Amino acid sequence: MTELTAPNVVASSTRSDRRRKILQNLLRGERPYMLYIAFVILLVVFSLSSPWFLSVDNFLNIGRQTTLVSIIAVGMTFIIIARQIDLSVASTLALSGMAAALAMSQFNNSWIVGAAAGLGTGALVGLLNGILTTQLSIPSFLVTLGSLSMARGLAMMVTNTKPVIITNETYFAIFGEGTFLGMPVPIAWTLAAMIIGILLLHYNVFGRRIYAVGGNPTAALYSGINTKRITTAAFVLTGTLAGLAALVLSARSHAARPDVVQGMELDVIAAVILGGCSLFGGRGYILGTLFGSLIIGTLNNGLVLLGVSSPMQLVIKGAIIVAAVAFTKR
């Protein structure tokens, strides 16, 4: 029998402590462990209930269906960690899509101009939200509630509520209908947004400052962090990602419509909260947000496959979201 050397004893003790901590967190019902369990339970229940659920095509379909929520939820994670909220993301998406489509129609059907217009419009709305919130000290709830209405109204005004048709095949291939490394392009864009979000939040000084601002704004300010600039940057990032989601949606539907995704901001916020973000700020992570989005998408997909009516789907989804948050700790 080989005797454990000192380093081996330390390593064994560390592994034992880690397993004990995971078990304690499971018993206490803390995230992220309950989040993973909830996702697995959903997969098992729907797999047993529907013969069509457990298939590659259906999982790809869930990925495509959750693309818009997942992409925007990356930015919303930064905002909520910073103790803010953005209710305007769905309207920003609609306005950005209209901007992209109109820009292409005016500039020789150039997909580059369209993409720049869509992303730029989203970033501009985010910048305005950030400036009004930080410089005028207006609560972000009120600021973005107002911009929700204004952005949607502008999207309807620019074409008198009519859709704008898009005909650029390259635009379709890059943002909506092509493939990248064997996966549908919308899923590839989701993964790209997630990777960028992880790098910014967990491996960059910007992310550390976001956590500081959300955890204790006064302490962050006295430590030399420009809290207003950091908060504004979080809004700009979210607006830009809403613009990216607009490009994906308009490329998939071959048109931009001013009335799309109304109410989607609620799914985005729900995904972020389910993923472990605290509405009180200072806590959250991108991978949790992805799982939160997948839980909502899986729930929607499974209920449709089971033939549950739309009103009942809303009731079940709302009840599960409330229960999931109630049974996990802040």
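Scroll up for the structure.
Residues numbered from 1 in each chain as written. Predicted model: local features only at pLDDT ≥ 70, side-chain atom pairs only at ≥ 80, totals over all residues. Heavy atoms only, no water.

## Overview of the packing of aromatic side chains
This is how it is decided: Any Phe, Tyr or Trp ring, taking Trp's six-membered ring, that has another such ring centre within 6.5 Å forms a pair; planes under 30 degrees apart are called stacked, those over 60 apart edge-to-face, and the others tilted. Runs of H or I in DSSP of at least four residues are treated as helices and runs of E of at least two as strands, each being numbered from the N terminus. The buried label applies to any residue whose accessible area, calculated with a 1.4 Å probe on protein chains only, is under 20% of its type's maximum; exposed applies above 50%, and partly exposed to all values in between.
Considering all chains together, one arrives at seven aromatic pairs under this definition. Residues tyrosine 171 and phenylalanine 175 carry aromatic rings whose centres are separated by 5.3 Å and whose planes lie at 55° to one another, so their mutual orientation is tilted. With tyrosine 171 and phenylalanine 175 both in helix H8 (residues 169-177), this residue pair falls four residues apart, about one helical turn. Assigned by exposure class, tyrosine 171 and phenylalanine 175 land together as buried.

## Considerations on the pattern of salt bridges
Pairing between side chains of opposite charge can happen when their charged atoms approach one another. The following threshold applies: What makes a salt bridge here is a side-chain nitrogen of Lys or Arg within 4 Å of a carboxyl oxygen of Asp or Glu, nothing more.
Tallied over the entire structure, the rule returns one salt bridge. As a salt-bridge pair, arginine 257 and aspartate 259 come within 3.2 Å of each other at their nearest N and O atoms. The partly exposed category is assigned to aspartate 259, whose relative accessible area is 33%.

## What about helix H10 (residues 205-215)?
Here is the rule: Working definition: the arc comes from the directions between the helix axis and the C-beta atoms, pointing outward to the latter. We call two residues in contact whenever any of their non-hydrogen atoms come within 4.5 Å of each other. Distance and chemistry together define a polar contact, namely a pair of N or O atoms within 3.5 Å, with one atom able to donate a hydrogen and the other to accept it when in protein, and with adjacent residues in sequence counting only for side-chain atoms on both sides.
Within H10, burial applies to Phe206, Gly207, Ile210, Val213 and Gly214. One side of H10 carries all its buried residues, which in axial view fall inside an arc of 120°. Tucked into the core, H10 has its buried residues touching helix H4 (67-81), helix H9 (185-202), helix H11 (217-222) and helix H12 (227-253). Backbone nitrogen of phenylalanine 206 and a side-chain oxygen of the N-cap are separated by 2.8 Å at the start of H10; the cap is asparagine 204.

## Re unusual backbone geometry
Phi is positive for asparagine 160, which is not a glycine, with a value near 55°. With respect to the helices, strands and loops of the structure, asparagine 160 is situated in the loop between helix H7 (140-157) and strand E1 (164-165). On the accessibility criterion, asparagine 160 (55% relative accessible area) is exposed.

## Observations regarding the packing of helix H5 (residues 89-106) against H7
Our working definition: Axes here refer to lines fitted to C-alpha atoms; in helices the fit is confined to the stretch in contact. Angles between the N-to-C directions go from 0 to 180 degrees. Angle categories are assigned with fixed cut-offs, so that under 35 degrees is roughly parallel, over 145 is roughly antiparallel, 65 to 115 is roughly perpendicular, and the rest are oblique. Throughout, a crossing is termed right-handed when the near helix is turned clockwise from the far one, and left-handed when it is turned anticlockwise from it by less than a right angle. Classes in brief: Ala, Val, Leu, Ile, Met, Phe, Trp, Tyr, Cys and Pro nonpolar; Asp, Glu, Lys and Arg charged; the others, Gly included, polar.
As a packed pair, H5 and H7 sit with axes 8 Å apart at the nearest point and diverge in direction by 25°. Classed by the angle they form, the pair H5 and H7 counts as roughly parallel. Crossing handedness for the pair H5 and H7: left-handed. Residues Ala90, Ser91, Thr92, Ala94, Leu95 and Met98 of H5 pack against Leu148, Ala151, Arg152, Leu154 and Ala155 of H7. Looking at the contact of H5 with H7 residue by residue, the classes come out as eight nonpolar, two polar and one charged.

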